[in-house]
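For reference, the chains in residue letters:
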Amino acid sequence: QVQLVESGGGLVQPGGSLRLSCTASVNIFSFNALAWYRQAPGKQREWVATITSSRNTNYADSVKGRFTTSRDDVKNAFYLQMNSLKPEDTAVYYCNTARGIDNYWGQGTQVTVSS
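### Here we look at the nonpolar core
Then, in step 1: One finds Trp36, Val48, Phe67, Leu80, Met82 and Tyr93 to be the most contacted residues of the largest nonpolar core, which totals 28 residues.
Then, in step 2: Secondary-structure elements contributing two or more residues to this core are β3 (18-24), β4 (34-39), β5 (46-51), β8 (77-82), β9 (91-99) and β11 (109-113).
Then, in step 3: No other element matches β3, which puts four residues into this core.
Then, in step 4: Sequence-distant contacts of Met82, defined by excluding residues within four places in its chain, comprise Gly16, Ser17, Leu18, Leu20, Arg66, Phe67, Tyr93 and Val111.

This is the structure:
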């Protein structure tokens, strides 16, 4: 069973930065895609970013140029560095990965961008 535990959320002013972490209970080397999603109040969950085992990254247009995702296979962790945060980035952020037909989610961490 794969467990993902997130940390790093919080309250930040517009223009500020936060770094989210997601630590897995198993070795993540075998996972190709490690992803981040977010869900704002009253909205559907949306994809934010993905990093593959070859370190290729993709980002939603809304965060491109501001967010960076990375992974550390030795620590079994992956990260989302969020810069130039905007109020519209306010959401619960979830980390995600999959193996075969099994899909794994973290518990979510709240990010609030407000002055």
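### Digging into the sheet that holds strand β7 (residues 67-72)
Then, in step 1: Overall, antiparallel pairing links the four strands, which are arranged β1-β3-β8-β7 in an open sheet. Edge positions in the sheet fall to β1 (4-7) and β7, since each of these pairs with one other strand and no more. The average undirected angle you get between the axes of adjacent strands in this sheet is 15°.

### Comments concerning the layout of surface pockets
Then, in step 1: Considering only enclosed or pocket space, the largest pocket measures out at about 190 Å³ in volume.
Then, in step 2: Residue composition of the lining of the largest pocket, by class: two nonpolar, three polar and seven charged.

### Digging into unusual backbone geometry
Then, in step 1: You will see that Asn76, though not glycine, has its phi angle at about 55°, which is positive.
Then, in step 2: Residue placement: Asn76 occurs in the loop between β7 and β8.
Then, in step 3: Its identity as a non-glycine residue notwithstanding, Ser84 has a phi of 50°, on the positive side.
Then, in step 4: Among the structural elements, Ser84 can be located in the loop between β8 and β9.

### A word on the packing of aromatic side chains
Then, in step 1: Evaluation of the coordinates by the stated rule reveals three aromatic pairs.
Then, in step 2: Judged by centre distance (6.3 Å) and plane angle (90°), the rings of Tyr94 and Trp105 are edge-to-face. Here Tyr94, found in strand β9, pairs with Trp105, found in strand β10 (residues 102-105); they are eleven residues apart in sequence, far enough to count as distant.
Then, in step 3: Assessed through its relative accessible area of 13%, Tyr94 is described here as buried.
Then, in step 4: Given a relative accessible area of 34%, Trp105 falls into the partly exposed group.
Then, in step 5: One aromatic cluster in this structure is built from Tyr37, Tyr94 and Trp105.
Then, in step 6: Directly above the ring of Tyr79 sits Arg19, whose terminal nitrogen or CZ lies 4.0 Å from the centroid.
Then, in step 7: The ring of Tyr94 is capped by Arg45, whose NZ or CZ atom sits 3.7 Å from the centre of that ring.

About the criteria used
- The written sequence of each chain sets the order in which its residues are numbered from 1.
- In keeping with the predicted nature of the model, local features appear solely for residues at pLDDT of at least 70, side-chain atom pairs appear and are counted solely at 80 or more, and the whole-chain, interface and lining totals rest on all residues.
- Hydrogens and waters are ignored; side-chain quantities use all the structure's heavy atoms.
- Side-chain atoms within 4.5 Å are what join buried Ala, Val, Leu, Ile, Met, Phe, Trp, Tyr and Cys residues into a set we call a nonpolar core.
- Partly exposed describes any residue whose relative accessible area lies between the buried limit of under 20% and the exposed limit of over 50%, with all areas from a 1.4 Å probe on protein chains only and scaled to the type maximum.
- Each helix is a run of DSSP H or I of at least 4 residues and each strand a run of E of at least 2, with the numbering of both proceeding from the N terminus.
- Note on definitions: a residue-residue contact is assigned when non-hydrogen atoms from the two residues lie within 4.5 Å.
- At least two bridges found by DSSP between two strands is the condition for calling them paired.
- Each axis is a line fitted through C-alpha atoms, and for a helix only the stretch in contact is used; angles between axes span 0 to 180 degrees, taken between their N-to-C directions.
- Definitions used for this entry: grid spacing 1 Å over protein atoms alone; cavity, a set of points where a 1.4 Å probe fits but cannot get out; pocket, an open set with protein on both sides within 12 Å along at least 5 of 7 lines; lining residue, one with an atom within 4 Å of a point.
- Grid points are joined across faces, edges and corners, and a volume is the space filled by probe spheres set on the points.
- Basically, the charged four are Asp, Glu, Lys and Arg, the nonpolar ten are Ala, Val, Leu, Ile, Met, Phe, Trp, Tyr, Cys and Pro, and anything else, Gly included, counts as polar.
- Classification of ring pairs rests on two measures: the distance between centres of Phe, Tyr or Trp rings, Trp counted by its six-membered ring, which must be within 6.5 Å, and the angle between planes, read as stacked under 30 degrees, edge-to-face over 60 and tilted in between.
- Two conditions define a charge sitting above a ring: the NZ of Lys or the CZ of Arg must be within 6 Å of the ring centre, and it must be within 35 degrees of the ring normal.

Structural measurements only, silent on function.
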